[in-house]
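Descriptive analysis of the structure
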Amino acid sequence: MSEKHDGTGGSNASDDKYLIKVSESPPSLEECSTFVSHPSCGAISTFCGITRDNFQNKTVTKLSYEGYVPMAEKELRKVCDEVCEKYPSIVRIAAVHILGDCPVGKASVILAASSPHRKDSMHCVEVLIDELKARVPIWKREVYEGDEGSVWKENVEWHDGKKKRVMVKES
C-alpha cells in the first residue's frame, strides 16, 4: 500500500515511518489511520481536505489536480523528515494526495500523524498541510457549474510568500 522510495533504488530508515502517496487512487482516511496507529501512541491526529461545492458565489462541481508524482512524493518525504525533526515524538505519518478529478464531498488530501501525546501529533498535521501547500508540486483547477468555466488556483502560501491568491480563468 505505501510508496517507500528514497530516490536511489534502495530503502531508508523512514520506510516504516511514512505512508506517502500521490495518486489517482490514494489510500482512505481509515487506511491512513491504520497505518499510523502504533501501540506506543496515545494520539492520532488527522486532516482531510474535502472538495466543497462553492467558491465566491460560484457552484464548484469538482477540483482537478495535476502533479509530477516522483517530485511530489520526494518533496513530501522531505516535509515529513523536517516535521519529525521538529517534533521528535512523532512515530508515524501518512501523507496522501489525489491526482485527477476530485468531486464535491470527497477528500483530496489526507494527513495523519501519531505520537505518544496529542500536542505533537496535532502540531505535526498543521505543519504538514501548510508545507504541502507551499512546497509540493501539485496544481489545482477549480471547475464551476454552467458557463463559469474553471480557474487554476495557486495556494496562498506560494505567491512570493504573500497571502495572496493568483487565479487564471480558463474558458
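Before any of the text, the structure's been laid out above.
Residues numbered from 1 in each chain as written. Predicted model: local features only at pLDDT ≥ 70, side-chain atom pairs only at ≥ 80, totals over all residues. Heavy atoms only, no water.

**Things to note about the layout of surface pockets**
In plain terms, the rule: Points on a 1 Å grid over protein atoms alone make up a cavity when a 1.4 Å probe fits among them but cannot get out, and a pocket when they form an open set with protein on both sides within 12 Å along at least five of seven lines; lining residues each have an atom within 4 Å of a point. Grid points are joined across faces, edges and corners, and a volume is the space filled by probe spheres set on the points. In DSSP terms, a helix is any run of H or I states spanning at least four residues, a strand is any run of E spanning at least two, and both are numbered starting from the N terminus. Nonpolar residues are Ala, Val, Leu, Ile, Met, Phe, Trp, Tyr, Cys and Pro. Charged residues are Asp, Glu, Lys and Arg, and all others, Gly as well, are polar.
Within this model, the largest pocket holds a volume of roughly 480 Å³. Around the largest pocket, the lining is made up of 25 residues, and of these Tyr65, His97, Lys133, Lys140 and Asn155 lie nearest the centre. Of all the secondary structure elements, the ones that give two or more residues to the lining of the largest pocket are β2 (43-50), β4 (58-67), β7 (107-115), α3 (118-135), β8 (138-144) and β9 (150-153). When residues in the lining of the largest pocket are grouped by element, the largest group, 4 residues, is from β8. Class assignment of the residues belonging to the lining of the largest pocket gives a composition of 13 nonpolar, 5 polar and 7 charged.

**Some words on the sheet that holds strand β5 (residues 92-98)**
Under the convention used in this document: DSSP-based pairing: two strands are paired if at least 2 bridges between them are found. As a rule, the C-alpha atoms of each element are fitted with a line to give its axis, helices using only the stretch in contact, and angles between N-to-C directions run from 0 to 180 degrees. Residues are treated as being in contact if the distance between any of their heavy atoms lies within 4.5 Å.
Strand order across the open sheet formed by 4 strands is β1-β5-β7-β2, with mixed pairing between neighbours. Of all strands in the sheet, those bounded by a partner on one side alone are β1 (18-23) and β2. Across this sheet, the average inter-strand angle for adjacent strands is 5°, counted without regard to direction. In this sheet, β5 lies alongside β1 in parallel orientation, the contact comprising 6 bridges. Paired with Tyr18 across the two strands is Ile93, which belongs to β5. In this fold helix α1 (residues 29-36) packs onto β1, β2, β5 and β7, with an angle of close to 160° to the strand it touches most, β5. This element, α3, spans β2, β5 and β7 of the sheet and lies at about 145° to β7.

**Comments concerning the nonpolar core**
Threshold: Only buried residues count toward a nonpolar core, which is a set of Ala, Val, Leu, Ile, Met, Phe, Trp, Tyr and Cys residues joined through side-chain atoms within 4.5 Å. Burial classes: relative accessible area under 20% of the type maximum marks a residue as buried, over 50% as exposed, and values in between as partly exposed (1.4 Å probe, protein chains only).
Ranked by size, the top nonpolar core spans 32 residues in total, and within it Ile93, Leu111, Cys124 and Leu128 carry the most contacts. Those elements giving two or more residues to this core turn out to be β1, β4, α2 (69-86), β5, β7, α3 and β8. Looking at this core, the element that brings in the most residues is α2, giving 6 residues. Ignoring sequence-local partners within four residues, the contact set of Leu128 consists of Val79, Cys80, Val83, Ile93 and Leu111.

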